[in-house]
Amino acid sequence: MPDDISQSSGHPWTHQTQVSQHTSTASGEFPSLPTPPVLRVVVADDNPVVRAGLTVLLSGRDDIEVVAEAGDGREAYDAAVRLRPDVVLLDVRMPGVDGISALPHLVRLAPVLMMTYSRESAIVHEALRLGAGGYLVHGEFTADQLVAAVRDVRQGRPHFTPTAAGALLATVRDGTPPQGAGPLPDGLGAAFTASQQPSAPAHPAQNPAAQEALASPQLTAQRFAQKPSLSQADVAHSSPGVLTELSQREVEVMDLIASGLTNQQIAATCFISQKTVKNHINRIFAKLNATSRGEAIAIWHGVRRGGPA
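For clarity, every value in this text was computed on a predicted model and none was experimentally measured.

Enquirer: For this particular structure, what's the right way to read the nonpolar core?
Expert: Taken as a class, soluble globular proteins show a tendency for nonpolar side chains to be buried jointly. In this structure, Leu-58, Leu-89, Leu-113, Leu-146, Val-150, Leu-288 and Trp-300 are the most contacted members of the largest nonpolar core, which totals 45 residues. Among residues more than four places away in sequence, those in contact with Leu-89 are Val-41, Val-42, Val-43, Ala-44, Leu-58, Leu-113, Met-115 and Val-150. Grouped together as the second largest cluster of nonpolar side chains are 32 residues, Val-42, Val-112, Val-124 and Ala-132 included.

Dropping the structure here:
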């Protein structure tokens, strides 16, 4: 009797398995893997060439979409309120409302990744104090590292390039701001009237003032003053010797080089051929007296900061 039960109960199971296998093989259908969510990003930088370059870099990834570009902190905040992105890429020096002024408002809406030419220890320290989830200095990261930073910052994992990491390490070791960190450069943070107060919790649920700001975006917008900060163009113009030698197109190409773009990406951003890009780079290197891409980027950082070329 046990043998009969075993045979009778096992036969249908075997038959069903064979039918199931035949069906899946014939149809070619297999369980589909879940599609990863698309990260929606706002790029804020006063330099339209840099914005375009970053957009090209990020838009080439299947899981990242640039939903808006902004020329200053006010535009970045308006876009964040309207679109609720997953990550905001934020420059430091912008006219109108600079990145440091906008940062306390933006971190209540989305994780913020600072992406800038500014490498001063005081600025790095203040950005991290106000809630930035990472700090990348142009020329210190590759395209793949940028994409990884955007993904990680969305998940709460911080990212820093060597300059920012050094400033953070000094703070952790000494318990004080990095050596040389003092007042912010003139204009930075001036548009935020509460910049001298202790930083508020980033999550709105922990801060009634933040809840009020989210309920009435106009209220927060009114806190932005109109005092302009030092833009990247202003910094660049403080070193006229080099910039007067470079054409407008060469300045654009050098900005994109310093942002980590390849020749192919620069060509796509500027709507020119790769051969033309190479010609521009050769002329740029000659005018900067640079022998390599890395050397040209280092010189360009000095020009952008207003220091000696």
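Read on, since the account is not over.
Enquirer: Could you clarify how one ought to interpret the pairing of strand E3 (residues 87–90) in this entry?
Expert: On a regular strand, each side chain points to the face opposite its neighbour's, so the side chains alternate between the two faces of the sheet. Where burial is concerned, the two faces of E3 agree: the one with Val-87 and Leu-89 and the one with Val-88 and Leu-90 are both buried. Strand direction decides the pairing type here: strand E1 (residues 39–44) and E3, joined by four bridges, are parallel. Each residue of the ladder has a partner; that of Val-43, found in E3, is Leu-89. The sheet contact formed by E3 and strand E4 (residues 112–116) spans three bridges and is parallel. Opposite Leu-89, over in E4, you have Leu-113 as the bridge partner.

Enquirer: What exactly am I supposed to notice about the pattern of salt bridges here?
Expert: Considering all chains together, one arrives at eleven salt bridges under this definition. A salt bridge links Lys-287 to Glu-250, with the nearest nitrogen and oxygen atoms 2.8 Å apart. Residue Lys-287 is located in helix H14 (residues 274–288), and its partner Glu-250 is located in helix H12 (residues 248–258); the two are separated by 37 residues in the primary sequence. One network of salt bridges, in which partners are shared, links Glu-250, Arg-283 and Lys-287.

Enquirer: Looking at this structure, how should I read helix H13 (residues 263–270)?
Expert: Residue pairs spaced three or four apart in an α-helix point in one direction, given the helix's 3.6 residues per turn. Along H13, the residues classified as buried are Asn-263, Ile-266, Ala-267, Thr-269 and Cys-270. Buried residues in H13, looked at end-on, bunch into an arc of 165°, giving them a common side. Phi turns positive one or two residues past the end of H13, at Phe-271, with a value near 60°.

Enquirer: What is the right way to read the environment of Val-41 from this model?
Expert: Tracing the sequence through the fold places Val-41 in strand E1. Residue Val-41 is classed as buried on the basis of its relative accessible area, which comes to 0%. Between the C-alpha atom of Val-41 and that of Val-66, which follows or precedes it by 25 residues, the distance is 4.7 Å. Setting aside residues up to four positions removed in sequence, Val-41 forms contacts with Leu-58, Ile-64, Glu-65, Val-66, Val-67, Ala-68, Pro-85, Val-87, Leu-89 and Val-150.

Enquirer: Looking at this model, I keep getting lost on helix H2 (residues 48–59). Mind explaining?
Expert: Look at H2: 16 Å from first C-alpha to last across twelve residues, which is about the 16 Å you get at 1.5 Å a residue. Every buried residue of H2 is accounted for by Val-49, Val-50, Arg-51, Gly-53, Leu-54, Thr-55, Leu-57 and Leu-58.

Enquirer: Looking at this model, I keep getting lost on the packing of H2 against H12. Mind explaining?
Expert: When two helices pack together, their arrangement is given by the angle between the helix axes and the distance between those axes. Two elements in contact, H2 and H12, have axes whose closest approach is 9 Å; the angle formed by their N-to-C orientations is 45°. Accordingly, the angle class assigned to the pair H2 and H12 is oblique. Once H2 is placed against H12, the crossing between them reads as right-handed. Counted together, Val-49, Val-50 and Gly-53 of H2 and Glu-252, Asp-255 and Leu-256 of H12 form the full contact between these two elements. Class assignment for the residues of the contact of H2 with H12 results in three nonpolar, one polar and two charged.

About the cut-offs
Residues numbered from 1 in each chain as written. Predicted model: local features only at pLDDT ≥ 70, side-chain atom pairs only at ≥ 80, totals over all residues. Heavy atoms only, no water. Core = buried A, V, L, I, M, F, W, Y, C linked by side-chain atoms within 4.5 Å. Buried < 20%, exposed > 50% of the residue type's maximum accessible area, 1.4 Å probe, protein only. Contact = heavy atoms within 4.5 Å. Helix = DSSP H or I, 4+ residues; strand = E, 2+ residues; numbered from the N terminus. Pairing = 2+ DSSP bridges. Salt bridge = Lys/Arg side-chain N within 4 Å of Asp/Glu carboxyl O. Arc of directions from axis to C-beta. Expected span 1.5 Å × (residues − 1). Axes fitted to C-alpha atoms, helices over the stretch in contact; angles between N-to-C directions. Parallel < 35°, antiparallel > 145°, perpendicular 65-115°, else oblique. Left-handed = near helix turned anticlockwise from the far one by under 90°. Nonpolar A, V, L, I, M, F, W, Y, C, P; charged D, E, K, R; others polar.

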